[in-house]
Amino acid sequence: MNQRALALDALRGYAIITMVLSATIISSILPGWMSHTQTPPPEHIFNPEIPGITWVDLVFPFFLFAMGAAFPFSIGRHAEKGRSKLMLCYDAIKRGIQLTFFAIFIQHFYPYVISSPQDLRSWLLAITCFMVLFPMFMRIPYQLPEKIHKIIKLSAYLIAIIMLVTTQYANERSFSLYFSNIIILILANMAIFGSLLYIFTIHNRLLRICILILLGALMISKDIESSWVEHYLNISPIPWLYRFEYLEYLFIVIPGSFAGEILKKWLSENHENIYPTKVRTGVALLSILVSVILVNLYCLYNRFLEANLIITIILLTTGYLLLKGKPKTDIRTLWYKLFDLGSFFLLLGLFIEPFQEGIKKDYATFSYFFVTSGLAFMTLIIFNIICDYFKCVRSTRFLIMSGQNPMIAYVATDLLIYPILNILGITPLLEYFYSSLWLGFLHGIILTSLTVFITMFFTRIKWYWRT
């Protein structure tokens, strides 16, 4: 098996690509299941009372899950090489701070933030922001002294800071540390606190679970008025960077770390490309896993709760019978371990679905954390079957390469593609896509494809953005 864990790259790539797609489709003319459940079309007014999830609600948790699954590979690899816990903690905090700066920088240079209506100045500044991010987050691919590399990186940060404090923004807005991209900011918190939790429990999964349970207790208690929990946990020394409520996403990141440990152990023990199992087993399991995901999306969105639970249990039981009792060297052992944990988290989420008035992304419920974690386990198995077992690497290359360079994929649409299309005068032509349902979806497909193409180009020439 490929030691790179292509399935994990593909899962991360799927998450980032669908994140771009969900942001570029013209959702106001599309059905409700093409938007976040709590922001239904056409007005997209946030309504926290609406329970349910759609495929759009899986995008962010899948990325968080992949982030946690990468801990055993990144942190674990450095730990195995003898890097001390202190230095590992330093790496985690440094990465979190870099991601926070990334969140602040990109948010200030979206064209619609710089000017309203957008103009040439806003588009050029957005492109400049995109260019400055290269020396900031990638190692220049030339044989230069380490000191020169550091000078180039620090110079890029200095340029970015000057841009932030000297740029005139729309609507009399000024530079603010509190104005940041919330998705990246949450990822920054997970890079810090998720990594720290993993570092100190790297050989003690039980302790990791216990800490998660204690965190859950605090989450339940924090909204009780006049309690000490509410008083202390709602206070932050650096509110523009950290808020206690961000830690709730550890309920997705930590299950991801379990998946990463299972996958890493399998890779380390099975070096040869031998998969002693039948092709029809892989096809059967693939069908079961896809069915589990589709059934839960359809039934939870339409509130067919009893039917969803019954069908899910039948599908999971079928999958269990298909995988149980296989030899240690059989790839079905890997699938079984991931399927076993995924089934647990999925059923846990479904059993507590009535709690907090139904599953919701905003404001996130415990059911949401556990259900999406369970579905992420299933999706990881799907990509393992497709990429590693059936070896459909060429057809999934766009996922894998996007997953290897997700930071570029995340910003390319807003900071590069949209500005270039505006400068070339092509953007007005895109208004034609507002005329029908399928054209509204095609609008997203075209822009997402351009983003994927750009990301694959930089990945192919090994220009990676890293923190």
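Residues numbered from 1 in each chain as written. Predicted model: local features only at pLDDT ≥ 70, side-chain atom pairs only at ≥ 80, totals over all residues. Heavy atoms only, no water.

> I would appreciate a short explanation of the overall build of the chain in the present structure.
Helix and strand counts for the chain stand at 17 helices and zero strands. By the compact-globule yardstick of 23 Å for 467 residues, the chain fits well, its C-alpha radius of gyration being 22 Å. Here the C-alpha coordinates of the chain stretch approximately 65 × 55 × 55 Å along the principal axes. Among the 467 residues that make up the chain, the fraction classed as buried is 54%. Sequence separation of at least 24 residues holds for 78% of the intrachain contacts in the chain that already meet a minimum separation of 6. As displayed, the chain offers around 21,800 Å² of accessible surface, 66% of which is attributable to carbon and sulfur atoms. (Helix = DSSP H or I, 4+ residues; strand = E, 2+ residues; numbered from the N terminus. Rg over C-alpha atoms; globule rule 2.2 N^0.38 Å. Buried < 20%, exposed > 50% of the residue type's maximum accessible area, 1.4 Å probe, protein only. Contact = heavy atoms within 4.5 Å. Areas by Shrake-Rupley, 256 points an atom, 1.4 Å probe, with all protein chains shown as cover.)

> How should the packing of aromatic side chains be read in this particular structure?
For any pair of aromatic rings, geometry is given as the distance between the ring centres together with the angle between the planes. Tallying each qualifying case throughout the model produces 38 aromatic pairs. Between the aromatic rings of phenylalanine 251 and phenylalanine 366, the centroid separation amounts to 5.4 Å while the plane-to-plane angle is 85°, which identifies the pairing as edge-to-face. Of this pair, phenylalanine 251 sits in helix H10 (residues 250-269) while phenylalanine 366 is found in helix H14 (residues 366-389), placing the two residues 115 residues apart along the sequence. By relative accessible area, which is 10% here, phenylalanine 366 ends up buried. Geometrically, the ring pair formed by phenylalanine 458 and tryptophan 463 is stacked, given 6.1 Å between the ring centres and 20° between the ring planes. Residue class for tryptophan 463 comes out partly exposed when judged on its relative accessible area of 29%. (Phe/Tyr/Trp six-rings, centres within 6.5 Å; stacked < 30°, edge-to-face > 60°.)

> Please explain helix H15 (residues 397-404) as it appears in this structure.
Structural remark: α-helix, 3.6 residues per turn; residues separated by three or four positions point the same way. Burial within H15 is extensive, with six of its eight residues counted as buried. Turning to H15, its buried residues number three or more, namely Leu399, Ile400, Met401, Ser402, Gly403 and Gln404. Packed against the buried residues of H15 are helix H1 (6-24), H14, helix H16 (406-423) and helix H17 (437-460).

> Looking at this structure, I do not really get the pattern of salt bridges. What am I missing?
For side chains of opposite charge, pairing can occur when their charged atoms come near one another. In total, this model carries ten salt bridges according to the counting rule given. With its nearest N and O atoms 2.7 Å apart, the salt bridge here joins aspartate 91 to arginine 83. Taking relative accessible area as the criterion, arginine 83 reaches 32% and is therefore assigned partly exposed. The salt bridge partner of glutamate 261 is arginine 208, with a shortest N-O separation of 2.8 Å. With a gap of 53 residues between them, glutamate 261 in helix H10 and arginine 208 in helix H8 (residues 205-221) connect regions that are remote in the sequence. Taking relative accessible area as the criterion, glutamate 261 reaches 13% and is therefore assigned buried. Ionic contacts of the salt-bridge type, sharing partners, join the residues Arg205, Arg208 and Glu261 into one network. (Salt bridge = Lys/Arg side-chain N within 4 Å of Asp/Glu carboxyl O.)

> Would you mind going over the packing of helix H3 (residues 85-108) against H16 with me for this structure?
Each pair of packed helices gets described by two things: the angle between the helix axes and the distance between those axes. The interhelical angle for the contact between H3 and H16, taken along N-to-C directions, is 10°, at an axis separation of 12 Å. Classified by the angle their axes make, H3 and H16 are roughly parallel. Counting all contacts with H3, which are made through Leu99, Phe102 and Ile106, the residues of H16 involved are Met407, Tyr410, Val411 and Leu415. (Axes fitted to C-alpha atoms, helices over the stretch in contact; angles between N-to-C directions. Parallel < 35°, antiparallel > 145°, perpendicular 65-115°, else oblique.)

> What's the story with unusual backbone geometry in this structure? I'm lost.
Excluding glycine, a negative phi dihedral is what most residues carry, and trans is how most peptide bonds are arranged. In the segment running from proline 41 into proline 42, the intervening peptide bond is cis, with an omega of 0°. For the bond running from serine 116 to proline 117, omega is 0°, close enough to zero to count as cis. A positive phi angle is found at histidine 44, which is not glycine, with a value near 55°. Despite not being glycine, lysine 391 shows a phi value in the positive range, around 55°.

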